[in-house]
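Here's the letter readout for the chains.
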Amino acid sequence: VASYCSTPGPVPFARYAHRWLTHLQYWEARNDLTVAWLSVEDLHRRALMDALRVRLRAVDDPAWAAFDQAFSVDRTCVRDFGDVDTLAPALAAFGYDIGAAVALDAARRRLRATPIARLRDAAAVEALVLACGVNDENARELPAVMLRHAGGLRIYQYPRQFGAYVAFLAAGPLVTSYLEIGCRWGGTFVFTVEVLGRLGEASGGVGADGLRALAIDKWQDPALLREYAAARFRKLDSAGAPFAELLAKAPAWDIAFIDGDHSYDGVRRDFDLVRNRTTRYIVLHDIASDEPSCAGVRRFWREVRDQFETHEFVEQYDDVDGSYFGIGVIVVPHSSRL
């Protein structure tokens, strides 16, 4: 199973074999799902078919050979998935590298068709996050529901927390600009921009394509963001002069989401940088994480949360031992707004 999985660096066979078996057992146990028919042409349009067939033919296994044969007929039955949007992140969870373009296309079409009322419903947004696909790194920190929806946009958030946070944004004043410091795979950025754009269109403003938005990261160069909009990503260190110059020259941002350097000095520096360049919300990530690497964020959050109007989204999952992630929102005082 692991021999054809595309991933950077060595691939632990046990990890992918276990993931494949877990998903196989889960879907086989579901008797309540309908059978969906997807045309081969539909899959071709999403750049999925060729990549799948090359990998499947490289595996000398009767089961995979049968699956490959199914894709060779005029129409193919894909069990358990109601539409191609849900097919993409699910295949990624099996270990297929479906590509940024496929994941982005599926998520964008889903989010742009979502009724506004659902974007103000925390539970509905949580379901959307899972449907768009989440990250599966550091599995001991993740609930089972996330492991079942790994892949797609690879959003690196607890869906329960992120859903409540996005619903909070949707219920507030219109946001027309967004800055993200530290973006990992880019999923949080794409999801946020798409939701803000959907809300903007509904209010007679600009949609996601016209929203002023920027993500920076010191280490990552996400394929997802290159596909989404190259002009919206810069590989920059928030501690460097180029980023400070960029902030000084650009108009102020409605929201600044800080998820970069997690040391105390790093998060304080990022906060100080955006404090006078943000008009509505400054958001800190990992305020409730037990991870030692996040101790600086927790300490800084404790220091600032009583100085401002704040909101916390820190709900945890019962099947995870410990506390992780956590989103803290600081409402920028009117006196500080530009």
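How each quantity is defined
Residues numbered from 1 in each chain as written. Predicted model: local features only at pLDDT ≥ 70, side-chain atom pairs only at ≥ 80, totals over all residues. Heavy atoms only, no water. Helix = DSSP H or I, 4+ residues; strand = E, 2+ residues; numbered from the N terminus. Buried < 20%, exposed > 50% of the residue type's maximum accessible area, 1.4 Å probe, protein only. Areas by Shrake-Rupley, 256 points an atom, 1.4 Å probe, with all protein chains shown as cover. pLDDT = per-residue confidence, 0-100. Contact = heavy atoms within 4.5 Å. Salt bridge = Lys/Arg side-chain N within 4 Å of Asp/Glu carboxyl O. Pairing = 2+ DSSP bridges. Phe/Tyr/Trp six-rings, centres within 6.5 Å; stacked < 30°, edge-to-face > 60°. Expected span 1.5 Å × (residues − 1). Axes fitted to C-alpha atoms, helices over the stretch in contact; angles between N-to-C directions. Parallel < 35°, antiparallel > 145°, perpendicular 65-115°, else oblique. Left-handed = near helix turned anticlockwise from the far one by under 90°. Core = buried A, V, L, I, M, F, W, Y, C linked by side-chain atoms within 4.5 Å.

(A) Quick look at the overall build of the protein chain. Along its length, the protein chain carries 15 helices and nine strands. The buried share of the protein chain, taken over its 338 residues, is 53%. Entry remark: accessible area of the protein chain is about 15,300 Å², with carbon and sulfur atoms responsible for 51%.

(B) Structural context of unusual backbone geometry. Look at Arg-154: it is not a glycine, yet its phi comes out positive at around 55°. By the element assignment, Arg-154 lies in the loop between helix H9 (144-147) and helix H10 (159-171). Even without being glycine, Phe-325 reaches a positive phi, approximately 60°. Checked against the element boundaries, Phe-325 lands in the loop between strand E8 (309-313) and strand E9 (327-331).

(C) A look at the confidence of the model for the protein chain. Overall, the predicted model of the protein chain reaches an average pLDDT of 80, with 70% of residues at or above 70. Segment residues 70-86: pLDDT under 50, and 44 contacts once partners within four positions in sequence are set aside and those in other chains are kept. Here residues 92-97 is modelled with pLDDT under 50, and outside its nearest four sequence neighbours on either side it reaches 27 contacts, counting other chains as well.

(D) Fine view of the pattern of salt bridges. Enumeration over the complete set of coordinates arrives at 16 salt bridges. Across the pair Arg-112 and Glu-194 runs a salt bridge whose closest N-O atoms are separated by 2.7 Å. Of this pair, Arg-112 sits in helix H6 (residues 100-112) while Glu-194 sits in helix H11 (residues 187-202); the two residues are 82 residues apart in sequence, bridging distant segments of the chain. Judged by its relative accessible area of 32%, Arg-112 falls in the partly exposed class. Where Arg-112 meets Asp-209, a salt bridge forms, and the shortest distance between an N and an O atom there is 2.8 Å. One end of the pair, Arg-112, is in helix H6; the other, Asp-209, is in the loop between H11 and strand E4 (212-216), and 97 residues separate them in sequence. One connected set of salt bridges, linked through shared partners, spans Arg-112, Glu-194 and Asp-209.

(E) The arrangement of the pairing of strand E3 (residues 177-181) in detail. Burial within E3 is extensive, with five of its five residues counted as buried. Burial along E3 is two-sided: Ser-177, Leu-179 and Ile-181 facing one way and Tyr-178 and Glu-180 facing the other are all buried. In this structure, E3 lies alongside E4, joined through five bridges in parallel fashion. Residue Glu-180 lies in a different strand from E4, and its bridge partner there is Ala-215. Inspection of the sheet shows E3 paired to strand E6 (residues 253-258) by four bridges, in the parallel sense. Along E6, the bridge assignment pairs Tyr-178 with Ile-255.

(F) Broad picture of the packing of aromatic side chains. Here the structure, examined in full by the defined rule, presents 14 aromatic pairs. Summarising the aromatic geometry, the rings of Tyr-156 and Phe-325 are spaced 5.6 Å apart at their centres and angled 70° between planes, so their arrangement reads as edge-to-face. Placement of the pair is Tyr-156 in the loop between H9 and H10 and Phe-325 in the loop between E8 and E9, with a sequence separation of 169 residues. As far as burial versus exposure is concerned, Tyr-156 and Phe-325 are alike and both buried. Geometrically, the ring pair formed by Tyr-158 and Phe-325 is tilted, given 4.6 Å between the ring centres and 45° between the ring planes. Of this pair, Tyr-158 sits in the loop between H9 and H10 while Phe-325 is found in the loop between E8 and E9, placing the two residues 167 residues apart along the sequence.

(G) The arrangement of H6 in detail. Counted at 1.5 Å a residue, the expected span for H6 with its 13 residues is 18 Å, and the 18 Å between its end C-alpha atoms agrees. Within H6 the residues assigned to the buried category are Val-102, Ala-103, Leu-104, Ala-106, Ala-107, Arg-110 and Leu-111.

(H) Region of the structure containing the packing of helix H14 (residues 264-275) against helix H15 (residues 295-304). Their axes nearest at 7 Å, the elements H14 and H15 cross at an angle of 50°. One element, H14, and the other, H15, form an angle in the oblique class. Regarding H14 and H15, the two cross each other, and that crossing is right-handed. The segment H14 lies against H15, with Tyr-264, Val-267, Arg-268 and Phe-271 engaging Gly-296, Val-297, Arg-299, Phe-300 and Glu-303.

(I) Layout of the nonpolar core. Membership of the largest hydrophobic core comes to 54 residues, with the highest contact counts inside it found for Tyr-165 and Phe-191. Membership of the second largest hydrophobic core comes to 27 residues, among which are Ala-288, Val-297, Trp-301 and Phe-308.

(J) Structural detail: H14. For H14, built from twelve residues, the straight-helix expectation of 16 Å at 1.5 Å per residue is met to within 8% by its first-to-last C-alpha distance of 16 Å. Within H14, burial applies to Tyr-264, Gly-266, Val-267, Asp-270, Phe-271 and Val-274. Among the structural elements, E3, helix H13 (241-249), E6, strand E7 (278-285), H15 and E9 are those in contact with the buried residues of H14.

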